[in-house]
Amino acid sequence: MADPSSYRPKPGQIPDSPGVYKFRDEHRRVIYVGKAKNLRQRLANYFQDLAGLHPRTRTMVTTAASVEWTVVSTEVEALQLEYSWIKEFDPRFNVKYRDDKSYPYLAVTLNEEFPRVQVMRGAKKKGVRYFGPYGHAWAIRETVDLMLRVFPVRTCSAGVFKNAERTGRPCLLGYIGKCSAPCVGRVTPEEHRDLAEDFCDFMAGRTGTYIRRLEKDMMQAAEEMEYERAARLRDDAEALKRAMEKSAVVLADATDADLIAVAEDELEAAVQIFHVRGGRVRGQRGWVTDKVEAVDTAGLVEHALQQLYGEETGDSVPKEVLVPALPEDPDAVSQWLADRRGSQVSLRIPQRGDKKDLMGTVQRNAQQALGLHKTKRASDLTTRSRALEEIAEALGLDTAPLRVECFDISHLQGDDVVASMVVFEDGLARKSEYRRFQIKGFEGQDDVRSMHEVIGRRFKRYLQEKERTGEWEDTPAPTGPVPAPGGTGETDGADEAGGTAEAPGTVEAGGTGETPGTVEPPGTGETPGTGEPDPGAAAPAAQEPVTVREEPREDDGRPKRFAYPPQLVVVDGGQPQVAAAKRALDELGIDDIAVCGLAKRLEEVWVPDDDDPVVLPRSSEGLYLLQRIRDEAHRFAITYQRAKRAKRIRSSPLDDVPGLGETRKQALIKHFGSVKKLRQATIDEICEVPGIGRRTAESVAAAFATAAPAAPAVNTATGEIIEEDDGGSRT
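Let us now look at a nonpolar patch on the surface. Among the surface-exposed residues, Leu172, Tyr175 and Ile176 lie close enough to one another that they form a single nonpolar patch of about 360 Å² accessible area. If you trace the backbone, Tyr175 turns up in helix α6 (residues 172–175).

Taken as a whole, this structure holds 25 salt bridges when the rule is applied. For the salt bridge of Arg403 with Glu425, the shortest nitrogen-to-oxygen distance reads 2.8 Å. Linking Arg403 in strand β13 (residues 403–412) with Glu425 in strand β14 (residues 415–425), this pair joins segments that are 22 residues apart in sequence. On the basis of relative accessibility, which here comes to 26%, the residue Glu425 falls in the partly exposed class. Residue Asp684 pairs with Arg694 through a salt bridge whose shortest N-O separation is 2.9 Å. In this pair, Asp684 sits in helix α18 (residues 683–687) while Arg694 sits in helix α19 (residues 694–706), placing the two residues 10 residues apart along the sequence. Classification of Arg694 as partly exposed rests on a relative accessible area of 45%.

Below, the discussion takes up the packing of aromatic side chains. Overall, the coordinates contain 14 aromatic pairs when judged by the stated rule. Ring geometry for Tyr21 versus Phe23: centroids 6.1 Å apart, planes at 90°, classification edge-to-face. Plain terms: the ring middles of Tyr21 and Tyr32 are 6.3 Å apart, the flat faces sit at 40° to each other, and that makes the pair tilted. Linking Tyr21 in strand β1 (residues 19–25) with Tyr32 in strand β2 (residues 30–36), this pair joins segments that are 11 residues apart in sequence.

So, about the pairing of strand β5 (residues 105–108). Neither face of β5 is left uncovered, since the one carrying Tyr105 and Ala107 and the one carrying Leu106 and Val108 both have all their residues buried. Summarising the sheet, β5 and strand β6 (residues 117–120) pair through 4 bridges and their orientation is antiparallel. Bridge pairing links Leu106 to Val119 in β6. Relative to strand β7 (residues 129–131), β5 runs antiparallel, the two being bridged by 3 bridges. Across the sheet, residue Leu106 finds its bridge partner in β7, namely Phe131.

Looking at the protein as a whole, its pLDDT mean stands at 76, while 78% of the residues score no less than 70. When mean pLDDT is taken per element in the protein, strand β19 (residues 568–572) scores highest with 92 and strand β18 (residues 507–510) scores lowest with 42. Per-residue pLDDT stays below 50 along residues 474–554; that stretch engages in 172 contacts with residues further than four places along the chain or on separate chains. In this model, residues 724–731 is a region of pLDDT below 50 whose contacts with residues beyond four sequence positions or in other chains number 20 contacts.

Within strand β3 (residues 64–71), 7 of the 8 residues are buried, leaving the element largely enclosed by the surrounding structure. Bridge count between β1 and β3: 7 bridges; the pairing is antiparallel. Within the sheet, the bridge partner assigned to Arg24 lies in β3 and is Ser66.

Bringing unusual backbone geometry into the picture now. In this structure, Asp426 takes a positive phi of about 55° despite not being glycine. Relative to the helices and strands, Asp426 resides in the loop between β14 and β15 (428–429).

Looking only at helix α1 (residues 39–46), the buried set comprises Leu39, Leu43 and Tyr46. Across the axial projection of α1, the buried residues extend over an arc of 40°, all falling on one side. Each element contacted by the buried residues of α1 is listed here: β1, β2, α2 (55–63) and β3. N-cap assignment for α1: the residue whose side-chain oxygen lies 3.0 Å from the backbone N of Arg40 is Asn38.

This next bit is on the sheet that holds β5. Across a sheet, strands are paired by hydrogen bonds formed along the backbone, either parallel or antiparallel in direction. Read from one edge to the other, the open sheet built from 3 strands follows the order β6-β5-β7, with strand pairing classed as antiparallel. Across the chains shown, the open sheet's two edge strands, defined by having one partner strand only, are β6 and β7. Along the sheet, successive strands turn relative to each other by an average axial angle of 30°, direction set aside. Across the face of the sheet, helix α7 (residues 189–203) comes into contact with β5, β6 and β7 while running at roughly 150° to β5.

Before going further, it helps to spend a moment on the nonpolar core. Phe407, Phe437, Val454, Ile455, Phe459, Val569 and Ile590 are the most contacted members of the largest nonpolar core, which totals 28 residues. When residues of this core are traced back to their parent elements, those giving at least two are β13, β14, α13 (447–468), β19 and α14 (575–587). When residues of this core are assigned to their parent elements, the largest contribution, 6 residues, is made by α13. Setting aside chain neighbours within four positions, we find Val569 in contact with Glu405, Phe407, Ile455, Phe459, Ile593, Ala594, Val595 and Cys596. By size, the runner-up hydrophobic cluster in this structure holds 27 residues, among which are Leu214, Met218, Ala221 and Ala230.

This part covers helix α3 (residues 75–89). Because an α-helix completes one turn every 3.6 residues, residues spaced three or four positions apart along the sequence face the same direction. Here α3 contains 15 residues, and its C-alpha end-to-end distance of 21 Å stays within 8% of the 21 Å for a straight helix at 1.5 Å per residue. Along α3, the residues classified as buried are Val76, Ala78, Leu79, Glu82, Tyr83, Trp85, Ile86 and Phe89. For α3, the secondary structure elements touched by its buried residues are β1, β2, β3, α10 (297–309) and α11 (330–341).

Analysis parameters
- Residues numbered from 1 in each chain as written.
- Predicted model: local features only at pLDDT ≥ 70, side-chain atom pairs only at ≥ 80, totals over all residues.
- Heavy atoms only, no water.
- Patch = residues over 30% accessible without salt bridge, like charges linked within 9 Å, V, L, I, M, F, W, Y side chains within 5 Å.
- Areas by Shrake-Rupley, 256 points an atom, 1.4 Å probe, with all protein chains shown as cover.
- Salt bridge = Lys/Arg side-chain N within 4 Å of Asp/Glu carboxyl O.
- Helix = DSSP H or I, 4+ residues; strand = E, 2+ residues; numbered from the N terminus.
- Buried < 20%, exposed > 50% of the residue type's maximum accessible area, 1.4 Å probe, protein only.
- Phe/Tyr/Trp six-rings, centres within 6.5 Å; stacked < 30°, edge-to-face > 60°.
- Pairing = 2+ DSSP bridges.
- pLDDT = per-residue confidence, 0-100.
- Contact = heavy atoms within 4.5 Å.
- Arc of directions from axis to C-beta.
- Polar contact = N/O pair within 3.5 Å; in protein donor to acceptor, adjacent residues only side chain to side chain.
- Axes fitted to C-alpha atoms, helices over the stretch in contact; angles between N-to-C directions.
- Core = buried A, V, L, I, M, F, W, Y, C linked by side-chain atoms within 4.5 Å.
- Expected span 1.5 Å × (residues − 1).

Okay, structure coming up:
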């Protein structure tokens, strides 16, 4: 535990301007990000007597080892930078709202020639119109099914659409009148786009126009004694009314607003959001979070606004946002919302009428969500704690292993040998820290040797990080060589932003005794940690962020690949694999990390230097957690191995032709019909393919000339050799 006075900035070093600050721990990880109108006053609050601090704040400042800040010109800039850093660094002491599920949206792909209506989840795409979120996907499908009577927009996938286009026959929806069948030319692209835009207008709340138009057409058809057409129009109008009834009218003045309510206790907070468009509730979502920082209702509301609108622009930000408490600086938050919308946004607390009543409904939903979460969490936390304690007791550990790493080897008869590393922290998977390895030290099948190599490579990287950050003095010298970071064959299990650049405008202060360094020019428009220009960087303002740094560092606060040691290493296997892992650690001089293995056959737990396994009861929560960790490592390893094998099987000599991309590869195959015919083609024949010049044609011919002929495929059921016909298929 660090003493905050050891890294407290010197008097007068902190400016009294608006800005954003971040605390780092001893590993240079960013653990907290905050903003302030006056940096000097705000940071001074963290360095008062520890007894006077909130318990969570006290934990944060004693975990931290340094503090840095960035000066900005306005409070709106500070709000945006704070959001960007929280999203980038994922600090452990910041409140972060996480969806308990991926909410489905009703999406209309207006960016396609023939727009499609479908259910979509995940990140929003450019050119797609979204409505929702909805609580359940079936609710979207029911609504769409009713509306397709009036707006027969395409709902099929690209594959189904192309197949219908090729055969000249529409799908079932085209025959029953729920699709206008643009695939077979029943409507033009312009007419189909008009249908899609009318669909979007109706979903956006402009419902009265379409219902009145249908009713007018129905009356006219009845007057003309076209009773079948009149009945069809009547049914269409009823379908639209039923679709409208699925979202009740809550605000009579056709308001577009989002209502946010918060329910909280000392430890956790639940947030519920109702999306009201055209006076109707069009979507609902909610989050539950741990209160890992000292924060009041106003602070929770501000965090929720950042989470909700940080990536949104245009009409996705409503004209009105109703909240239970205003943020600390409501004007700055309102201006930030207005910048994202492109027009004025009203941020206020409802005082009377329908809006206050609806806010009460949202508040009750938040309270129910918090109560339900606490009921589930009580059992979950108790179970995870008991599991970790049982593992510690069975293995003779001093404390519960809060970070566990598990390794598994996967191959197919000695080919494509790979390994996986999965990480569980506090009994939960931390997928951003998963890693994958290619076994490069030898060829063939040897799980024990593979395990030794992987453990050695992983912890050599850990020792490198300790050496680079100055923690090497207390570490015994390894007995084996420590390789350079490159060329080890490790790959990330998840995308990880890399780079060494500090965020522009960073001031470091800590108990390092370093001399002041350079001052960098502000306003470079760089994204922190990438060193590449940020396309969304604004033009320099009148007062630019000032960069003062004590010493340039490579660390940017992001979690490093192998920087943090586990308390327990689990290997998938028995006594031989455990012995190999222990030997790898001993060769590196690491003796403070426990090792065990879980054998599949009898689910026995093996420990080093012990001829008898540790047998946990079948009902043990500790055994169940070890099984989950082992199974996750196996899943991650076999997924990587299968992908690697599939890539190798799909490889062809064309992959080795420099400058030949996927588009031109497909053009070659399409022109000749098969790889076999392409292999037999002359250079002049290859040049006939559009986009293929003579130099590329010569490279393609040379690649086939030097490539070894592929081994014939064999039908494993009959033993028959499968030959490739002239059309490129195997028969």
